[in-house]
Amino acid sequence: MKSLLFITTSSLASNPRLVKEFECLKEGHTCYVVCFIHHDWSLALCEAIKARNKDVYFIEIDRRVSVFETALSKLLHKLAIVINPFFSKRFKVCAFASNDKAIQLTFRTKKLRKKYEFNKVIAHNLGAFYPAVKVSQFQNTRLQLDIEDFYPGEALYFNKTYEKANRNCIMQSSFLHAESITYASKGIEDECEKVFKTNAKTHHLTIINAFESSDFKKPKKRKDNIVKCVWFSQNIGPNRGLEQVFDAAQVNEDIEFHIIGNSNLDYLKTVDLSPNVKCHDVMDQTQLHEFLGEMDIGLALENRNADFNRNICLTNKILVYAQVGLYILATDTVGQRNFLKELNYNAGEIIKINVLDSLLRIDATFLRHESRIMRWENAKSFSWEKEQMKLIRAIK
């Protein structure tokens, strides 16, 4: 049986795309996953993922346990930042200056590459690219990169003078080594093809983050007539477009607004929450999909000014809303506008002014049960069962 090595800077629960990939490939391959343990909301969810994937080998890095290795990684990261101006085009320096987890992953995968033989290395997240390239070179094996976001277009938080150039260097260097590259949206693929060179034989394909259609039960007719809007993310906080949701709630007292995620209490103290705003803790995937089945309208809100990536990416949020059958109100981004346009049915609309205005103008027929059923049925056309076939073909 062929062996696959997955590498990520995230925890399992923080990277559902990675989980879907190894779960669909484990039947015909021996899968090894190098990831991190985060002592936060994701911990219990990670345990659940491991429990249902006992045939997958997880190499988890717990930074609270690997104290020396973590300290050394952080020290080398700071050193790389210091020398960054003098070696701004060196792949290793750029990778180490960009993310201290890239260093720790390099340490771990160095041991693995001597112990196991891999037929393909699959890197998720920018910080995983350098160690993945090194394993691929050492074993002369195939490399696959997964581009879930356009990393140079994301917000910069440190080393701002050089970090964007670092990200470009990491991606360009990695792209030249890749046999195949997968993208989470067509917008991201198009942007990468404009910016980065690849080998002529490199295989490019867009695989959207859809879920299995079986995850979503046929919508049942609810007994109550309350219109329910929903928004979810890992965290409830500022710069997520929630302010306009809270404003809409003040005016539409007969509509419920459900907000799901880890609460930023300091942020919530600064906003005026009306009684029809209901905040819920983060849910695992099964709970979330069931809960969304009770809603009517999915709010796919993005802060377009946050960074360029937000304008071209396609979040799990809008995909899940579509697959549940909710009517979608979406911020006008390239990714979301193109997604709604490509669907050959009325899945939702772009917010022209704000959430309040869109709710006041919404056609009530879109919220009828039969419309919901129609959207749920049509969404099967881009389910994970179909998207994963692209991945399976790429691995062969």
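This structure is a prediction, so every number in the text was calculated from the model and none was measured.

Novice: For this particular structure, what's the right way to read the packing of aromatic side chains?
Specialist: The description of an aromatic ring pair uses the distance of the two centres, along with the angle that the planes make with each other. Scanning the model with the defined rule gives 16 aromatic pairs in all. Judged by centre distance (5.5 Å) and plane angle (80°), the rings of Y32 and F118 are edge-to-face. Pair noted here: Y32 is in strand β2 (residues 29–37) and F118 is in the loop between α5 (100–115) and β4 (120–124), with a separation of 86 residues, a long-range link. For F118, a relative accessible area of 3% gives the class buried. Counting every residue linked through ring pairs, the aromatic cluster contains Y32, Y57, Y116 and F118. Positioned above the aromatic ring of F36, the side-chain terminus of K101 is 4.6 Å from the ring centre. Geometry around W376 places K380 over its ring, the cationic atom sitting 4.2 Å from the centre.

Novice: Looking at this structure, how should I read the side chain of H29?
Specialist: By secondary structure assignment, the location of H29 is in strand β2. A polar side-chain atom of H29 sits 2.9 Å from the main-chain carbonyl oxygen of L25. Once residues lying within four places of it in the same chain are set aside, the contact partners of H29 are M1, K2, L4 and I395.

Novice: Could you clarify how one ought to interpret the nonpolar core in this entry?
Specialist: In globular proteins that are soluble, nonpolar side chains generally tend to be buried together. Grouped together as the largest cluster of nonpolar side chains are 56 residues, with contacts concentrated most on F257, L299, Y321, F339, L359 and F382. Here this core gets six residues from one element, more than from any other, and that element is helix α13 (residues 316–324). For L359, the contacting residues outside a window of four places in its chain are C229, A248, N252, I255, F257, I297 and L329.

Novice: I would appreciate a short explanation of the side chain of S274 in the present structure.
Specialist: With respect to the helices and strands, the residue S274 is situated in the loop between α10 (265–268) and β10 (277–280). With a relative accessible area of 8%, S274 lands in the buried category. Within the structure, S274 has its side chain in polar contact with the side chain of N276 (distance 2.5 Å). Those residues in contact with S274 that lie beyond four places of it in its chain are A249 and Q250.

Novice: How should α13 be read in this particular structure?
Specialist: Since the α-helix advances by 3.6 residues per turn, residues separated by three or four positions end up pointing in the same direction. Most of α13 sits out of view: eight of its nine residues are buried. Of all the positions in α13, only K317, I318, L319, V320, Y321, A322, Q323 and V324 are classed as buried. Taken together, the buried residues of α13 touch β8 (227–236), α11 (285–292), β11 (297–300), β12 (327–330), α14 (334–342) and α16 (369–378).

Novice: What is the right way to look at a positive patch on the surface in this model?
Specialist: A cluster of basic residues, R90, K92, K110 and K114, forms a positive patch at the surface. Its place among the elements puts K92 in helix α4 (residues 91–98). Under the relative-accessibility criterion, K92 is labelled partly exposed at 46%.

Conventions adopted
Residues numbered from 1 in each chain as written. Predicted model: local features only at pLDDT ≥ 70, side-chain atom pairs only at ≥ 80, totals over all residues. Heavy atoms only, no water. Phe/Tyr/Trp six-rings, centres within 6.5 Å; stacked < 30°, edge-to-face > 60°. Helix = DSSP H or I, 4+ residues; strand = E, 2+ residues; numbered from the N terminus. Buried < 20%, exposed > 50% of the residue type's maximum accessible area, 1.4 Å probe, protein only. Lys NZ or Arg CZ within 6 Å of the ring centre and 35° of its normal. Polar contact = N/O pair within 3.5 Å; in protein donor to acceptor, adjacent residues only side chain to side chain. Contact = heavy atoms within 4.5 Å. Core = buried A, V, L, I, M, F, W, Y, C linked by side-chain atoms within 4.5 Å. Patch = residues over 30% accessible without salt bridge, like charges linked within 9 Å, V, L, I, M, F, W, Y side chains within 5 Å. Areas by Shrake-Rupley, 256 points an atom, 1.4 Å probe, with all protein chains shown as cover. Salt bridge = Lys/Arg side-chain N within 4 Å of Asp/Glu carboxyl O. Lys, Arg positive; Asp, Glu negative; His and termini not counted. Charge placed at Lys NZ, Arg CZ, Asp CG, Glu CD.

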